[in-house]
Amino acid sequence: MTSYTVAELLTQEPKLQPIEVKGWVRTFRAKRFIALNDGSTLKNIQCVVDFENTDEILLKRITTGAAVHIKGELVESQGKGQNVEITVTEIDILGDSDPETYPIQPKKHSFEFLRDNAHLRTRTNTFSAIMRLRSSLSFAIHKYFNENGFYYMHTPIITGSDAEGAGEMFRVTNLDDKNPPLNDQGDVDYKEDFFGRETNLTVSGQLEAETYAMSLGKVYTFGPTFRAENSNTSRHLAEFWMIEPEVAFMDLDGNMDLAEDFMKAVLGHVLENNMDDLEFLEKRLQDEEKTKPQAERSPMSLIEKLKFVVDNNFKRVSYTEAIDILRNSKPNKKKKFNYIIEEWGADLQSEHERYLVEKHFKCPVILFDYPADIKAFYMRLNDDGKTVRAMDILFPGIGEIVGGAQREERLEVLKEKMSALDIDEKELWWYLDLRKYGTAVHSGFGLGFERLVMFATGMTNIRDVIPFPRTPQNAEF
Ligand code: 4AD
Ligand code: MG
């Protein structure tokens, strides 16, 4: 007897051969029809039980959520929407599931409720579809870089440097709380955090990736990053995954080309390989849309949005042009922006980013050449002395999805910038070494993986696209 997954069985010919399968019961109807799911596909396989010849006690144990081992024959199905079903000859309950207490009932649950049950929420169609898409996107990312001559490198999680210079780090310490080392002033000496160093969880692998780009040429990281910022929004997590390619001898134009090609390739991959899950999520969104007034409904479906991004050029606009557009526009007839940009140099708020993408250009936008003062210390200063070779990619419904830059490769200019921002040269001596020995133009970017998954699934809260979200409310699991 051959063992199959549900996905395999659903594509088999009904040859009446004996088969076996293991999975979880989604529903059990009329003492006869089990809808069985094992995670291999969105779809369930129908397993038909001969209830007249099955022990009553066993029948009672076939409940939603129970793990079962089924033996039977694959036969042509009489039911609608399925070619095959299983005529059950033997059923073994591997793990019971008490219907009185099992949280995932066959009905619609709110996302809040499911977040509180993050350990079981992937037993729903919505979350299993999201997590299969997440896995597929992750594979597509590695595939893209592998096919384009990049090396995958692992950057440290515990680090002494603040890559973004924004001070949004979680400290890592092995100090004894009850008896901490004290400095000369009698305060806790955090310099002793980690065997004599002050350390934190990484906010970005970029600086370390730069060191490898300056020897291996084309590299990327894909790992967890941590930010102790206010993550009480639908787009921020305290722990998220970031993809950071870094390339030697590549300038900002090359960086924009790479980012655009890469985004199109990974979204194209799920359009080619994950249509079942995408169609399911699209249907869910369409039902949700129907509850909104006509004017607020999205003009494009989920799949149309993905295809649009894959098939159309991103619009490239300088910060200065964007500011002009924003100053001369009204987001709607009466209302102005909540935050009015008075002066060149102000940072864009998410309402501005969304206006540019969703109302003005109606396509993904790459904004570049930002004012130096609102960007990180490592970005290359332009000849105008006030803008840097930065780029952010803005996506409809998401806002900023990518942040990147050409890096400052000139030792003296970088030192000046660090000194102006009070960044100690001693802390980043190794980073400065790259500018001392064989420096060259180089660039890279960071893609927030969860924001990509949000875009690909149409989910509007970032907590619903990562298995176990880390936010001020969710850190239990
Ligand atoms: O713009 P950020 O801060 O850029 C960097 O960290 C650079 N070192 C990247 C590089 O050039 N190698 O972050 C990059 C992306 C953002 O565009 C956003 O998509 C995501 O990371 N991101 C977050 N995602 C979820 N939760 C948060 N708190 C995030 N902060 C940034
Ligand atoms: Mg950014």
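None of these values were measured; they are calculated from a predicted model.

Novice: I'd like a description of the overall build of the protein chain, backed by residues and values.
Specialist: Scanning the protein chain from terminus to terminus reveals 13 helices and 17 strands. With respect to the three principal axes, the spread of C-alpha positions in the protein chain is 85 × 60 × 45 Å. When the 477 residues of the protein chain are sorted by exposure, 49% land in the buried category. Long-range pairs, those at least 24 residues apart, make up 67% of the contacts in the protein chain between residues at least 6 apart in sequence.

Novice: Any chance you could break down the packing of helix 11 (residues 411-420) against helix 12 (residues 429-436) for me, citing the residues and the numbers?
Specialist: At a closest axis distance of 9 Å, the pairing of helix 11 and helix 12 adopts a crossing angle of 155 degrees. Accordingly, the angle class assigned to the pair helix 11 and helix 12 is roughly antiparallel. Residues Leu411, Leu414, Lys415 and Met418 of helix 11 lie in contact with helix 12, whose contacting residues are Tyr431, Leu432, Arg435 and Lys436. Taken together, the residues that form the contact of helix 11 with helix 12 break down as five nonpolar, no polar and three charged.

Novice: Now, about the UniProt feature "coiled-coil region" (unreviewed entry) in the protein chain: what can you tell me, with residues and values included?
Specialist: With numbering matched to this structure, UniProt assigns "coiled-coil region" (unreviewed entry) to residues 271-298. Secondary structure across residues 271-298 comprises 68% helix and 0% strand; the distance between its end C-alpha atoms is 20 Å.

Novice: Describe the sheet that holds strand 9 (residues 171-172), and please don't skip the residues or the numbers.
Specialist: If you walk across this open sheet you meet the three strands as 8-10-9, and the pairing is antiparallel. Looking at strand neighbours, the two that pair on one side only are strand 8 (158-159) and strand 9, the edges of this open sheet. Both strand 9 and strand 10 (residues 199-201) contribute to a ladder of two bridges, which runs antiparallel. Residue Val172 lies in a different strand from strand 10, and its bridge partner there is Thr199.

Novice: Residue-level account of the site of ligand 1, with values.
Specialist: In the vicinity of ligand 1, 24 residues are found, and the nearest of them are Glu164, Gln206, Glu229, Glu244 and Glu400. Take Tyr378: an N or O atom from its side chain is 3.5 Å from a nitrogen atom of ligand 1. In isolation ligand 1 offers 630 Å² of accessible surface; the protein chains occlude 93% of this area. The set of elements that each furnish at least two residues to the shell around ligand 1 consists of strand 12 (239-248), strand 16 (399-406) and strand 17 (442-448). Counting residues per element, the shell around ligand 1 draws most heavily on strand 16, at five residues. Looking at side-chain class alone, the shell around ligand 1 contains eight nonpolar, eight polar and eight charged residues.

Novice: With reference to specific residues and values, describe the sheet that holds strand 7 (residues 151-152).
Specialist: Strand order in the open sheet formed by eight strands is 7-11-12-17-16-15-14-13, with mixed pairing between adjacent strands. Since the sheet does not close on itself, it has two edges, and those belong to strand 7 and strand 13 (315-318), each with one partner. With six bridges joining them, strand 14 (residues 365-371) and strand 15 (residues 387-395) adopt antiparallel strand pairing. The partner of Phe368 across the bridge, within strand 15, is Met391.

Novice: Residues and numbers for the packing of helix 4 (residues 125-147) against helix 6 (residues 252-273), please.
Specialist: Where helix 4 contacts helix 6, the two axes come as close as 9 Å, and the packing angle between them is 135 degrees. Considering the angle they form, helix 4 stands oblique to helix 6. Where helix 4 crosses over helix 6, the two elements pack in a sense that is right-handed. Touching Leu133, Ser136, Leu137, Phe139, Ala140, Ile141, Lys143, Tyr144 and Phe145 of helix 4 are Leu258, Asp261, Phe262, Ala265, Val266, Leu267, His269 and Val270, all from helix 6.

Quick notes on the rules
Residues numbered from 1 in each chain as written. Chains lettered and ligands numbered in written order. Predicted model: local features only at pLDDT ≥ 70, side-chain atom pairs only at ≥ 80, totals over all residues. Heavy atoms only, no water. Helix = DSSP H or I, 4+ residues; strand = E, 2+ residues; numbered from the N terminus. Buried < 20%, exposed > 50% of the residue type's maximum accessible area, 1.4 Å probe, protein only. Contact = heavy atoms within 4.5 Å. Axes fitted to C-alpha atoms, helices over the stretch in contact; angles between N-to-C directions. Parallel < 35°, antiparallel > 145°, perpendicular 65-115°, else oblique. Nonpolar A, V, L, I, M, F, W, Y, C, P; charged D, E, K, R; others polar. UniProt positions renumbered as here; feature names shortened; annotations may be inferred. Pairing = 2+ DSSP bridges. Near = heavy atom within 4 Å. Polar contact = N/O pair within 3.5 Å; in protein donor to acceptor, adjacent residues only side chain to side chain. Areas by Shrake-Rupley, 256 points an atom, 1.4 Å probe, with all protein chains shown as cover. Left-handed = near helix turned anticlockwise from the far one by under 90°.

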